[in-house]
Amino acid sequence: MGDGEPRVPTAIAVTSADMALPPQDERTLPAAVLQDVDRRPLDHVLAELQTLVDQCGHVIVVCSEAVPAGVERRLHTVRALLETDRIALFRPPLPPLGIAVLARQLRQLASCDLGPGVLASAGRLLTHYIHAGALLGSVARLDRVPVDLKAHARSWVPGSQFGVVAHPEPQLVRIGPEAALTGPEFGTSLLVAKGQLASDWVTGTLAPAWRVQGLRETALPEESSGWWGTGRLTEFCAYLPDLSVLYQLVTSVRQDACHWCGIDVIGDRCVFCSATPPVYDDDGGGGGGGGAGGRDRALGHRRDPALGRRRERRALTG
């Protein structure tokens, strides 16, 4: 693309329509919805993703760990058949509502002057600033957060409710007068998705305690009941809503070129090709390089192709 041509925004894709949240602001780009990728004919899904790559250059697919195994297999199959490193599959350890929020943040950032590798890497960075949890009517089938025997026993008491935070640090309390969950230490907005449980505690107690600067409601993602182990829930997610804050966070991090595919990234892993910085022997390459020299060489991306390819290829699956 020439310097005078406008940059085509990287496509941010989700695996169901209910994961494509309404725009946060006027710059939020629409999500590409890859609906029923495990049930539609393979050639249809291939054509859909090929068209996205042709139109946008790169595609970042953000999906939950709760998606059916067939969805993940199909996405990996399509990526392999297309023989492209322009499709990134990103599955952060967030509940479904948190996944939808993160995908929308990437849709906000896709309107900015960020390269596809930096945008994909930004997903890993922004995950740390998301506080995701739920109000549950039972924790008997909850396996995403540690649950002790006492909480399991209380799940069988009629009317019991539990406040749970799954990310960034697991928390679980039984709802009562003194119940409290530790929240973010920075200004956030709160998104609430009501299921088969009243959301009064979330909106009336949790939101003021977390000092949220805005509160909105949305539909509960279909994947949420499976992720939390019950349909008697209200899911919530505290997040940074302001595009300028998101952009500042991302651009304040050093960018480097991926040593394998050459795309600019932030952090220690390329989301498109999965490569991590190669590991060098401390005394390899001559010059008596010690530990510090080995670390310095690991920062020198795109070096001599004679670097141990087998070691680099192992990094792709790390």
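Turning next to the overall build of the chain. Helix and strand counts for the chain stand at 10 helices and 12 strands. Relative to its full complement of 318 residues, the chain shows a buried share of 47%. Taking the intrachain contacts of the chain between residues at least 6 apart in sequence as the baseline, contacts between residues at least 24 apart amount to 72%. Summed over all atoms, the accessible surface of the chain reaches about 15,500 Å², with 50% contributed by carbon and sulfur.

Counting through the fold element by element, leucine 97 comes out in helix H3 (residues 96-109). Not counting residues within four places of it along the chain, the set of residues in contact with leucine 97 comprises Leu191, Ala193, Thr218, Pro221, Glu235, Phe236 and Cys237.

This part covers the side chain of threonine 28. Considering the arrangement of structural elements, one finds threonine 28 in the loop between strand S1 (11-14) and strand S2 (32-33). One polar contact links the side chain of threonine 28 to the main-chain amide nitrogen of glutamine 24, over a distance of 3.3 Å. Residue contacts for threonine 28: discarding those within four places in its chain leaves Pro23, Arg104, Arg107 and Gln108.

It is worth spelling out the state of the cysteines at this point. Tallied over the entire structure, the rule returns zero disulfides. With no disulfide partner, cysteine 261 has as its closest neighbouring cysteine sulfur the one in cysteine 270, 3.8 Å distant.

Counted by the stated rule, this structure contains three aromatic pairs. Note on tryptophan 210 and phenylalanine 236: the rings are 5.8 Å apart at their centroids and 80 degrees apart in plane angle, and the pair reads as edge-to-face. You can see tryptophan 210 sitting in the loop between helix H6 (200-209) and strand S9 (215-219) and its partner phenylalanine 236 sitting in strand S10 (residues 233-239), a full 26 residues away along the chain. Given a relative accessible area of 5%, tryptophan 210 falls into the buried group. A centroid spacing of 4.7 Å and a plane angle of 65 degrees characterise the contact between tryptophan 227 and tryptophan 228, whose relative ring orientation is edge-to-face. The residues tryptophan 227 and tryptophan 228 share a single accessibility class, namely buried.

Time to look at the pattern of salt bridges. Inspection of every chain in the model, using the stated rule, returns seven salt bridges. One salt bridge connects arginine 40 with glutamate 48, and the closest N-O pair in it is separated by 2.5 Å. Assessed through its relative accessible area of 24%, glutamate 48 is described here as partly exposed. For glutamate 72, the salt bridge is made with arginine 91, and the minimal N-O distance between the two is 3.0 Å. Of the two residues, glutamate 72 is situated in helix H2 (residues 69-82) and arginine 91 in the loop between strand S4 (87-90) and H3; the sequence distance between them amounts to 19 residues. On the basis of relative accessible area, glutamate 72 is assigned to the partly exposed category, the value being 26%.

What counts as what
- Residues numbered from 1 in each chain as written.
- Predicted model: local features only at pLDDT ≥ 70, side-chain atom pairs only at ≥ 80, totals over all residues.
- Heavy atoms only, no water.
- Helix = DSSP H or I, 4+ residues; strand = E, 2+ residues; numbered from the N terminus.
- Buried < 20%, exposed > 50% of the residue type's maximum accessible area, 1.4 Å probe, protein only.
- Contact = heavy atoms within 4.5 Å.
- Areas by Shrake-Rupley, 256 points an atom, 1.4 Å probe, with all protein chains shown as cover.
- Polar contact = N/O pair within 3.5 Å; in protein donor to acceptor, adjacent residues only side chain to side chain.
- Disulfide = S-S within 2.5 Å.
- Phe/Tyr/Trp six-rings, centres within 6.5 Å; stacked < 30°, edge-to-face > 60°.
- Salt bridge = Lys/Arg side-chain N within 4 Å of Asp/Glu carboxyl O.

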